[in-house]
Amino acid sequence: METVLIAAAIVPAIWLLFKVYRADRLEKEPVGLILKLVVLGILSTLLASLTEQIGDIVLSCFYSEGTLPYDLIMYFGIVAFAEEGFKYLLLKNRTWRSPEFNCLFDGVVYAVSVSLGFALWENIGYVMQYGIGAAVARALTAVPGHACFGVFMGAWYGSAKRRDLQGDPKRSGRCRRMAVLVPAILHGLYDFIAVRQTEALSAVFVVFVLAMFITAYRLVLHISRNDQYLNPHWDVF
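This write-up is about the structure you can find in this document. Keep in mind that what you see is a predicted model, and the values were worked out from it rather than measured.

1. Quick word on helix H4 (residues 104-130)
- Along its 27 residues, H4 runs 39 Å from first to last C-alpha, staying within 8% of the 39 Å computed at 1.5 Å per residue.
- Along H4, 21 of the 27 residues are buried, which leaves the element largely enclosed by surrounding structure.
- One or two positions beyond H4, positive phi appears at glycine 131, with a value near 95 degrees.

This is the structure:
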């Protein structure tokens, strides 16, 4: 049974990573690099978890858990930026100067690899604790959610690399900030809506998740179809 639960936890992440990897039209990334990024994603869960525990201890000194101020600060200010921030830091440390990073879509592949490494490890913990029901629910929501955060991060990250190669550090820095800010805001919205248990917010959650999934999917298709080797004469935004 334990083997079944672990398989149920990791298969959705592997499947989504495979789909994004296949969408890399120009030049497939080395499998070894992808695996290293997945491992870095797993490492980011440990760093984020520690940060969130410390944040929870500090925040609980001021607000009771479950109150509106607590949830706003916890999910937008602590959880979202801890998880997306550590994903980004490890992503950039490993790939920014890599000679393999030579196409815009590479940014998407790299960021999704880290994000799904995070989702895979996090999913194992949830599924082992709550069972197969959690595996099904998270396969439909949380795992694709992390993939979407990775898509948005990767789109801006690839654009930042291109601006850097253009000799435009100001716009490159702006894109790098957006590579953290956009997924962090989406992540915060996802978690905040999910934990505020009301009938109205349940409907909002479904609409939000579907809109995010569709937008990320279309963005992957757009960048994949229009991908070119990084040069100063082309931009996706």
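Right, picking up where we left off after that structure.
2. A word on the packing of helix H6 (residues 142-165) against helix H7 (residues 169-195)
- As a packed pair, H6 and H7 sit with axes 7 Å apart at the nearest point and diverge in direction by 170 degrees. One element, H6, and the other, H7, form an angle in the roughly antiparallel class. On H7, the residues touching Ala142, His146, Phe149, Phe152, Met153, Trp156, Tyr157, Ser159, Ala160, Arg163 and Asp164 of H6 are Arg171, Ser172, Cys175, Arg176, Met178, Ala179, Val182, Pro183, Leu186, His187 and Tyr190.
- For the contact of H6 with H7, the residue count by class is 14 nonpolar, 4 polar and 4 charged.

3. A few points about the nonpolar core
- Counting 59 residues, the largest nonpolar core has Leu91, Phe105, Val108, Leu116, Tyr190 and Met212 as its most contacted members.
- Among the elements of the structure, helix H1 (2-22), helix H2 (31-59), helix H3 (68-95), H4, H6, H7 and helix H8 (199-225) are those that each provide at least two residues to this core.
- Here this core takes 13 residues from H4, the largest share from any one element.
- Leaving out residues up to four positions away in the same chain, tyrosine 190 has contacts with Thr141, Ala142, Phe149, Phe205, Phe208, Val209 and Met212.
- Grouped together as the second largest cluster of nonpolar side chains are 7 residues, Leu59, Tyr75, Val79 and Phe192 included.

4. Remarks on the environment of alanine 135
- For alanine 135, the location among the structural elements is in helix H5 (residues 132-140).
- Under the relative-accessibility criterion, alanine 135 is labelled buried at 4%.
- Separated by 36 residues in the primary sequence, alanine 135 and arginine 171 place their C-alpha atoms 41 Å from one another.
- Each residue touching alanine 135, except ones within four places of it in the same chain, is listed here: Ala8 and Val127.

5. Quick notes on a nonpolar patch on the surface
- A surface patch of nonpolar side chains, amounting to about 750 Å² of accessible area, comprises Leu50, Ile54, Val58, Phe62, Tyr63, Leu68, Leu72 and Ile73.
- Secondary structure elements with two or more residues in the nonpolar patch: H2 and H3.
- Residue placement: tyrosine 63 occurs in the loop between H2 and H3.

6. Digging into the packing of aromatic side chains
- Evaluation of the coordinates by the stated rule reveals 9 aromatic pairs.
- With a centroid separation of 6.0 Å and 90 degrees between ring planes, the pair formed by tyrosine 88 and tyrosine 157 is classed as edge-to-face. Of this pair, tyrosine 88 sits in helix H3 while tyrosine 157 sits in helix H6; the two residues are 69 residues apart in sequence, bridging distant segments of the chain. Here the two residues tyrosine 88 and tyrosine 157 agree in accessibility, since each one is buried.
- On the numbers, 5.4 Å between centres and 75 degrees between planes, the contact of phenylalanine 101 with tyrosine 110 is edge-to-face. As far as the burial class goes, phenylalanine 101 and tyrosine 110 line up, both buried.

7. Thoughts on the packing of H2 against H3
- Contact pair H2 / H3: the axes reach a minimum separation of 8 Å and the direction vectors enclose 150 degrees. In terms of orientation, H2 lies roughly antiparallel with respect to H3. Here H2 and H3 pass one another in a crossing that is right-handed.
- Its residues assigned to classes, the contact of H2 with H3 comprises 15 nonpolar, 4 polar and 6 charged.

8. Let's talk about a positive patch on the surface
- On the surface, Lys170, Arg171, Arg174 and Arg177 cluster together into a positively charged patch.
- Summarising the element assignment, lysine 170 is placed in helix H7.

9. A short note on the environment of cysteine 103
- Structurally, cysteine 103 is set in the loop between H3 and H4.
- Of the residues examined, cysteine 103 reaches a relative accessible area of 0% and is grouped as buried.
- The contact partners of cysteine 103, leaving out residues within four places of it in the chain, are Leu26, Asp227, Gln228, Tyr229 and Leu230.

Cut-off values and rules
- Residues numbered from 1 in each chain as written.
- Predicted model: local features only at pLDDT ≥ 70, side-chain atom pairs only at ≥ 80, totals over all residues.
- Heavy atoms only, no water.
- Helix = DSSP H or I, 4+ residues; strand = E, 2+ residues; numbered from the N terminus.
- Expected span 1.5 Å × (residues − 1).
- Buried < 20%, exposed > 50% of the residue type's maximum accessible area, 1.4 Å probe, protein only.
- Axes fitted to C-alpha atoms, helices over the stretch in contact; angles between N-to-C directions.
- Parallel < 35°, antiparallel > 145°, perpendicular 65-115°, else oblique.
- Contact = heavy atoms within 4.5 Å.
- Nonpolar A, V, L, I, M, F, W, Y, C, P; charged D, E, K, R; others polar.
- Core = buried A, V, L, I, M, F, W, Y, C linked by side-chain atoms within 4.5 Å.
- Patch = residues over 30% accessible without salt bridge, like charges linked within 9 Å, V, L, I, M, F, W, Y side chains within 5 Å.
- Areas by Shrake-Rupley, 256 points an atom, 1.4 Å probe, with all protein chains shown as cover.
- Salt bridge = Lys/Arg side-chain N within 4 Å of Asp/Glu carboxyl O.
- Phe/Tyr/Trp six-rings, centres within 6.5 Å; stacked < 30°, edge-to-face > 60°.
- Left-handed = near helix turned anticlockwise from the far one by under 90°.
- Lys, Arg positive; Asp, Glu negative; His and termini not counted.
- Charge placed at Lys NZ, Arg CZ, Asp CG, Glu CD.

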